[in-house]
Amino acid sequence: MLDLISIEYIKLKNNSSFWIILVFYMLISFYVVGKADSLPAGSDVFANPLQFPMIWLTSTYCASFLVLFPSILIILNIGNEFKYKTAKQHVIDGLSKTTFILSKFISVCLIATIITIYVILLSLFLGWQSGGEIQDFFGEQFSFVTGFYIQLIGVLSFAFLIAILFKRTGISIVVFVGYYFIEVILYYLVFKDSPIRDYLPLEVFNSLTFSPIKDNLDSFSGLSIPEFKLSLNWFSAAIGAIYIAICLSLSILIFNRRDV
Amino acid sequence: MDTILKIDSLTKKYPSLFAVSQLSLSIDKGSVFGLLGPNGSGKTTTLGIILGVASATSGNFSWFGKKNSSSDRKKIGALLETPNFYSYLSAKSNLKISAKIKGIDLKDIDRVAEIVNLKDRLNDKFKTYSLGMKQRLAIASALLGNPEVLVLDEPTNGLDPQGIAEIRTVIQNISKMGVTIILASHALDEVEKVCSHVCVIKKGKSLIQGSVSDVLVGENLIEVACSEIEKLKEITTKFSGFKALKEENHYLLVTLKDSSSSIEFSKYLITNNIIISHFVKRTKSLEEFFLETTKDA
Ligand SMILES: Nc1ncnc2c1ncn2[C@@H]1O[C@H](COP(=O)(O)OP(=O)(O)OP(=O)(O)O)[C@@H](O)[C@H]1O
Ligand SMILES: [Mg+2]
């Protein structure tokens, strides 16, 4: 296990496109989160979206908007294994096909962990800058960080599955982005009046982070704002976890059934 | 004798053709087994199946006389078709990854790099390597951890004559240490020089198998030359052990019956007053054999 982690670490550490995309993502999300208080619809109940504890909603929500970047990282990372035929070589060298997929899933977890830690640090920094109360640091709203982590792993698992399925980086990216449009069509047209639409994978993942903006709070579960304590919807989180398990199992199944 | 690998009526069907068809063979510990066949004959496909990257349509194989498991492959060093490495990583990092998968101490990297003459270039990126260096690196990777079995698919591909000679010496030295080697090649002289056993395949079917000496010395061939070629021909065809004759550039290539010996033949020529300028007993070259057997299969 440790060996597998260190193998993935060697592959990522020395890959310049990994660093470029990661740093780019970090800079953009820092910029976007930092600008959140200038939004016209900023909540008047919670005063400033950059103060504790609302910063946890703001940062995770904004960072999750940019999830395309880490998804491309995953697609490139998996695509490399096919491009360089190292997936094949790993199997020849003695990994079972299932272990290979699991070892690649380590990259998903590694990237999601790095980004989540970054978002936590970024939130602490911005929250501290806007002079929030220290005791509110890890309020209930901190659960959205967990939601964000699950969402990240979820979307990345989905990108992972697509990358395993299509092998070629370009095609995988097109399919991945294309699916966003498909899901929008499903959500707004096909399942317009059906509860199914709330269980579409990306919709489930999206519901794990939540905009701190007032309009959203009003509609959230129909509760009135003053008595409402915002925290993660753990039911959605559980469904998200199921989707992750499905993506991973399908990847293992597909990879095992195919000649490498 | 321990059997290292047993293949039993292995078949691989692609939509348009049978890449491997009913192939059976058994490889003993310590042998150098050549899988010989022209391009597209199914060598790589066969090796891919026994190395776990492709699935067989039907048939079985077993390593080390037991049920297959992926961890068996950690005891096998293999180079399949092309060197597969991350181009953006250094050679050393690439070897590290292989070593970690196989659970081998990283110290072994310097040893294998030494064997293939890449020690000075280990820190260079794989993409800066020449074709021959890439091939050497793949061989180095296969040698990591002193595996019990080496599977080499066209290992001298892309190497210059000196490199080819070096790699052959490496293979021979490793074989002396008791390592079993499976070598796929379309180069006959390669198999002839390094293998103890051979299986010739064409279109996925085994044409003949056996020890290289059996397969090679199937017939009794003699090159003979003298100043009077016509007379030589005439006399030769009257020899009791004569079977066939072919005229090559400067000599006759005479095939004798299995029962008769080259000594009898030379005595016969002398008693018939033929002054011989050239007389060589030739073991049948695999090349001739190869062209013959694969022509109409
Ligand atoms: N993935 C594939 N799909 C369809 N046909 C394939 C596939 N891989 C190989 N083949 C076919 O199977 C046959 C055997 O190919 P293989 O690569 O095993 O030959 P080989 O003996 O290794 O040849 P070479 O000496 O050129 O390396 C060829 O006709 C090839 O076209
Ligand atoms: Mg081949």
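What counts and what doesn't
- Residues numbered from 1 in each chain as written.
- Chains lettered and ligands numbered in written order.
- Predicted model: local features only at pLDDT ≥ 70, side-chain atom pairs only at ≥ 80, totals over all residues.
- Heavy atoms only, no water.
- Helix = DSSP H or I, 4+ residues; strand = E, 2+ residues; numbered from the N terminus.
- Buried < 20%, exposed > 50% of the residue type's maximum accessible area, 1.4 Å probe, protein only.
- Polar contact = N/O pair within 3.5 Å; in protein donor to acceptor, adjacent residues only side chain to side chain.
- Contact = heavy atoms within 4.5 Å.
- Pairing = 2+ DSSP bridges.
- Salt bridge = Lys/Arg side-chain N within 4 Å of Asp/Glu carboxyl O.
- Core = buried A, V, L, I, M, F, W, Y, C linked by side-chain atoms within 4.5 Å.
- Disulfide = S-S within 2.5 Å.
- Near = heavy atom within 4 Å.
- Areas by Shrake-Rupley, 256 points an atom, 1.4 Å probe, with all protein chains shown as cover.
- Nonpolar A, V, L, I, M, F, W, Y, C, P; charged D, E, K, R; others polar.
- Axes fitted to C-alpha atoms, helices over the stretch in contact; angles between N-to-C directions.
- Domains from an automatic or database assignment.
- Expected span 1.5 Å × (residues − 1).
- Patch = residues over 30% accessible without salt bridge, like charges linked within 9 Å, V, L, I, M, F, W, Y side chains within 5 Å.

A.B. asks: Help me out: how do you make sense of the side chain of A:Thr209 in this one?
C.D. replies: All names here are of chain A. The residue threonine 209 is located in the loop between helix 9 (201-206) and helix 10 (214-219) in this model. Here threonine 209 falls in the buried class, since its relative accessible area comes to 4%. Within polar-contact distance, the side chain of threonine 209 engages the side chain of serine 64 at 3.2 Å. In terms of polar contacts, threonine 209 uses its side chain to reach the side chain of glutamine 151, at 2.9 Å. Not counting residues up to four positions away in its chain, the partners in contact with threonine 209 are Thr60, Tyr61, Ser64, Phe144, Phe148 and Gln151.

A.B. asks: What should I look at first to understand the pairing of strand 10 (residues 220-226) of chain B in this one?
C.D. replies: Residues and elements named next belong to chain B. Judged by how many residues are buried, strand 10 sits mostly within the fold: 7 of 7 residues are covered. Of the two faces of strand 10, the one carrying Asn220, Ile222, Val224 and Cys226 and the one carrying Leu221, Glu223 and Ala225 are both buried. Bridge analysis of strand 10 against strand 12 (residues 252-256) gives 5 bridges, and the strand direction is antiparallel. Looking at strand 12, one finds that leucine 221 is bridged to threonine 255.

A.B. asks: Looking at this structure, I do not really get the pattern of salt bridges. What am I missing?
C.D. replies: Scanning the entire structure with this criterion turns up 20 salt bridges over all chains. We note a salt bridge from B:Lys12 to A:Asp259, for which the minimum N-O separation is 2.6 Å. One end of the pair, B:Lys12, is in strand 1 (residues 3-14); the other, A:Asp259, is in the segment after helix 11 (234-257), on a second chain. Among the ionic pairs, B:Lys43 bridges to B:Glu154, the shortest N-O distance being 4.0 Å. With B:Lys43 in helix 1 (residues 43-50) and B:Glu154 in the loop between strand 6 (149-153) and helix 5 (161-176), this residue pair connects regions lying 111 residues apart in the sequence. For the pair B:Lys43 and B:Glu154, a shared accessibility class is recorded, and that class is buried. Among the charged side chains, a network of salt bridges with common partners joins A:Glu8, A:Lys11, A:Glu81 and A:Lys104.

A.B. asks: Any chance you could explain the nonpolar core here in plain terms?
C.D. replies: Nonpolar side chains tend to gather and get buried jointly when the protein is soluble and globular. A:Phe160, B:Leu5, B:Trp63 and B:Val151 are the most contacted members of the largest nonpolar core, which totals 104 residues. Per element, the largest residue contribution to this core is 15 residues, and it comes from helix 7 (residues 143-166) of chain A. Among all residues touching A:Phe160, those that are not within four sequence positions of it are A:Ile74, A:Ile78, A:Ile101, A:Lys104, A:Phe105, A:Val108, A:Leu248 and A:Ser251. B:Val112, B:Leu122, B:Phe126 and B:Tyr129 belong to the second-largest nonpolar core, a separate cluster that totals 42 residues.

A.B. asks: Any chance you could explain the state of the cysteines here in plain terms?
C.D. replies: Defined simply, a disulfide is a covalent bond joining two cysteines at their sulfur atoms. Under the counting rule described, the total for this entry stands at 0 disulfides over all chains. Here A:Cys109 stays free of any disulfide, with the sulfur of A:Cys247 as its closest cysteine sulfur at 13 Å. Given a relative accessible area of 26%, A:Cys109 falls into the partly exposed group. In this model B:Cys199 remains outside any disulfide bridge; the closest cysteine sulfur is found in B:Cys195, 11 Å from its own.

A.B. asks: How should I be thinking about the site of ligand 1 in this particular structure?
C.D. replies: Residue and element names in this part refer to chain B. In the neighbourhood of ligand 1, the contacting residues comprise Tyr14, Leu17, Ala19, Pro38, Asn39, Gly40, Ser41, Gly42, Lys43, Thr44, Thr45 and Glu154. Between ligand 1 and glycine 40, the relevant distance is 2.7 Å, taken from an oxygen atom to a main-chain nitrogen or oxygen of the residue. Bound to the protein, ligand 1 loses 62% of the 640 Å² it would expose on its own. Where the shell around ligand 1 is concerned, the elements lending two or more residues are strand 2 (17-28) and helix 1. A total of 3 residues in the shell around ligand 1 trace back to one element, the largest contributor, which is helix 1. Looking at the shell around ligand 1, its residues break down into 4 nonpolar, 6 polar and 2 charged.

A.B. asks: What exactly am I supposed to notice about the side chain of B:Asp72 here?
C.D. replies: Among the structural elements, B:Asp72 can be located in the loop between strand 4 (58-63) and strand 5 (76-79). Given the relative accessible area of 4%, B:Asp72 is considered buried.

A.B. asks: Got a minute to help me understand helix 3 (residues 55-65) of chain A in this structure?
C.D. replies: One turn of the α-helix equals 3.6 residues, which is why residues spaced by three or four share an orientation. All names here are of chain A. In terms of burial, helix 3 is a largely internal element, 9 of the 11 residues being buried. Among all positions in helix 3, only Ile55, Trp56, Leu57, Thr58, Ser59, Thr60, Cys62, Ala63 and Ser64 are buried. The secondary structure elements touched by the buried residues of helix 3 are helix 2 (16-34), helix 6 (97-129) and helix 7.

A.B. asks: What is the right way to read the sheet that holds strand 1 of chain B from this model?
C.D. replies: To summarise the sheet geometry, strands pair through backbone hydrogen bonds and adopt either a parallel or an antiparallel arrangement. Residues and elements named next belong to chain B. Strands sit in the order 2-1-4 across an open sheet of 3 strands; the sheet is antiparallel. At either margin of the open sheet sits one strand with a lone partner, and together these are strand 2 and strand 4. Taken pair by pair, the neighbouring strands of this sheet meet at an average axis angle of 15°, ignoring direction. In this sheet, strand 2 lies alongside strand 1 in antiparallel orientation, the contact comprising 8 bridges. Its bridge partner being in strand 2, isoleucine 7 is matched across the sheet by leucine 25.

A.B. asks: Any chance you could explain the environment of B:Val116 here in plain terms?
C.D. replies: Residue and element names in this part refer to chain B. Within the fold, valine 116 resides in the loop between helix 3 (108-115) and helix 4 (131-143). Each C-alpha atom, one on valine 116 and one on glycine 30, is 22 Å from the other, the two residues being 86 residues apart in sequence. Once residues within four sequence positions are removed from consideration, valine 116 is found in contact with Arg136, Ile139 and Ala140.

A.B. asks: Even after reading the chapter, I still don't get the interface of chain A and chain B, so can you show me in this structure?
C.D. replies: By a widespread convention, an interface's size corresponds to the accessible area lost as its parts come together. Contacts between the two partners involve 25 residues from chain A and, on the opposite side, 28 residues from chain B. Where chain A meets chain B, there are 2 salt bridges. Applying the counting criterion to the chain A and chain B interface returns 14 residue pairs in polar contact (both at pLDDT 80 or more). Tallying contributions element by element places helix 5 (residues 86-92) of chain A first for the side of chain A that touches chain B, with 6 residues. Here the residues of the side of chain A that touches chain B sort into 7 nonpolar, 9 polar and 9 charged.

A.B. asks: Would you explain the domain arrangement of chain B in this entry?
C.D. replies: When its domains are assigned, chain B resolves into domain 1 (3-216) and domain 2 (218-296). Summarising the inter-unit geometry, the C-alpha centres of domain 1 of chain B and domain 2 of chain B are found 38 Å apart.

A.B. asks: Is there a simple way to explain helix 11 of chain A in this structure?
C.D. replies: All names here are of chain A. With 24 residues, helix 11 extends 35 Å between its outermost C-alpha atoms, agreeing within 8% with the 34 Å of an ideal straight helix rising 1.5 Å per residue. Burial in helix 11 covers these residues: Ser236, Ala237, Ile239, Gly240, Ile244, Cys247, Leu248, Ser251, Ile252 and Phe255. Taken together, the buried residues of helix 11 touch helix 4 (68-83), helix 5, helix 6, helix 7 and helix 9. Its side-chain oxygen placed 3.0 Å from the backbone nitrogen of phenylalanine 235, asparagine 233 serves as the N-cap of helix 11.

A.B. asks: Before we go on, may I ask you to explain a nonpolar patch on the surface in this structure?
C.D. replies: Residues and elements named next belong to chain A. Judged by side-chain polarity, Val184, Ile185, Tyr188, Leu189 and Val190 come together as a nonpolar surface patch covering roughly 510 Å² of accessible area. Along the polypeptide, valine 184 turns up in helix 8 (residues 169-190). For valine 184, a relative accessible area of 45% gives the class partly exposed.

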